[in-house]
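Residue-level listing of the chains:
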Amino acid sequence: MGIQITPSILNADFSRLGEEVGRIGSADWVHVDVMDNHFVPNLTFGPTMVEALSRATDIPLDAHLMIEDCDTHAPAYVEAGASSVTFHVESTKAPIRLAREIRAKGARASMALKPATPIEPYEALLPELDMLLLMTVEPGFGGQKFLDLCLPKIRTARAMMRKHGVETWLQVDGGVSLETIERCAEAGADVFVAGSAVYSADDPDAMVRELKASAEAAAS
Ligand code: DX5
Ligand code: ZN
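A. Layout of the coordination of the zinc ion (ligand 2). Distances from the zinc ion (ligand 2) to its protein donors, His-31 (NE2), Asp-33 (OD), His-64 (ND1) and Asp-173 (OD), fall within 2.0 to 2.3 Å. Of note is the zinc ion (ligand 2), whose six donor atoms meet at the metal with angles of 72 to 170° in an arrangement that counts as octahedral. When the donors of the zinc ion (ligand 2) are listed by position in the chain, the intervening gaps give H-x1-D-x30-H-x108-D. Of this pair, His-31 sits in strand S2 (residues 30-35) while Asp-173 sits in strand S7 (residues 169-173), and the two are 142 residues apart along the sequence. Judged by relative accessible area, which is 0%, His-31 ranks as buried. With a relative accessible area of 8%, Asp-173 lands in the buried category.

B. Structural context of the packing of helix H3 (residues 70-79) against helix H4 (residues 95-104). Interaxial distance between H3 and H4 falls to 10 Å at its minimum, and their mutual angle equals 15°. Overall, the two elements H3 and H4 adopt an arrangement that is roughly parallel. For H3 against H4, the interelement crossing comes out right-handed. Residues Cys-70, Asp-71, Ala-74, Pro-75 and Val-78 of H3 pack against Leu-98, Glu-101 and Ile-102 of H4. Residues that form the contact of H3 with H4 fall into these classes: six nonpolar, no polar and two charged.

C. Geometry of the site of ligand 1. Taken together, 20 residues sit near ligand 1, with Gly-140, Gly-143, Asp-173, Gly-195 and Ser-196 positioned nearest. Within the contact set of ligand 1, an oxygen atom lies 2.8 Å away from a side-chain nitrogen or oxygen of Asp-33. The fraction of the free accessible surface of ligand 1 (380 Å²) that becomes covered by protein chains is 100%. Of all the secondary-structure elements, those providing two or more residues to the shell around ligand 1 are S2, strand S3 (61-66) and strand S8 (191-194). Ranked by residue count, the leading element in the shell around ligand 1 is S2, at three residues. Tallied by class, residues from the shell around ligand 1 come to eight nonpolar, 10 polar and two charged.

D. Spatial organisation of unusual backbone geometry. Of note in the backbone geometry, Asn-37 takes a positive phi value of approximately 70° without being a glycine. For Asn-37, the position within the fold is in the loop between S2 and helix H2 (47-56). On the basis of relative accessible area, Asn-37 is assigned to the partly exposed category, the value being 44%. Of note in the backbone geometry, Asp-69 takes a positive phi value of approximately 55° without being a glycine. Structurally, the position occupied by Asp-69 is in the loop between S3 and H3.

Cut-offs applied
Residues numbered from 1 in each chain as written. Chains lettered and ligands numbered in written order. Predicted model: local features only at pLDDT ≥ 70, side-chain atom pairs only at ≥ 80, totals over all residues. Heavy atoms only, no water. Donors = N, O, S within 2.8 Å, 3.2 Å for Na, K, Ca; no water. Tetrahedral: all angles 85-135°; square planar, octahedral: opposite > 155°, others 65-115°. Helix = DSSP H or I, 4+ residues; strand = E, 2+ residues; numbered from the N terminus. Buried < 20%, exposed > 50% of the residue type's maximum accessible area, 1.4 Å probe, protein only. Axes fitted to C-alpha atoms, helices over the stretch in contact; angles between N-to-C directions. Parallel < 35°, antiparallel > 145°, perpendicular 65-115°, else oblique. Left-handed = near helix turned anticlockwise from the far one by under 90°. Contact = heavy atoms within 4.5 Å. Nonpolar A, V, L, I, M, F, W, Y, C, P; charged D, E, K, R; others polar. Near = heavy atom within 4 Å. Polar contact = N/O pair within 3.5 Å; in protein donor to acceptor, adjacent residues only side chain to side chain. Areas by Shrake-Rupley, 256 points an atom, 1.4 Å probe, with all protein chains shown as cover.

Spelled out as structure tokens, the structure:
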């Protein structure tokens, strides 16, 4: 599939989200950060907003659920129109069952790990997943500093994927910018969330294209 850029609208202007999504036409996905004020100390969108966004853009939606009890709530995001749904392993009781349910409903199933959660216990789950998200900041807010301590986990996850011969995408999220994207790509990430880097740029779409070019150069 190659390198993909998924701008996060967390740092966009919430009063005019439809227009904000229209400013990133080169994006492969729109990353929608769903937060419930319990799993993370911040509150954003629910399924109704995902449904409204899906009507406002042709770019597929990548819902990142930072909520408690993903087992119960994740399927609603597929029904709302998300083409990819990411649940956190830290808030899911039965990740295999949930990944299968998301896929059966017709979306890509993705599992996220916070920076302090190791990948090793989940190696056998990789074939159940369309994407693995490795957080490169503590989830909850945009604009945080990239955690270099996550780079070895990215390398380990990429090596596990090669070993198992799976096509699982490897997404990174948090502090991704022109300054940090190259080392993520070198470590093996292929899907890049970028929030503040994109929406603080004068031309968000040009930034999406620059980020992609930079990751492609580093990956090759
Ligand atoms: C953080 C969110 C991220 C956030 C990224 O919890 O999951 O998607 O919007 O924002 P930046 O790119 O500014 O770190
Ligand atoms: Zn996110």
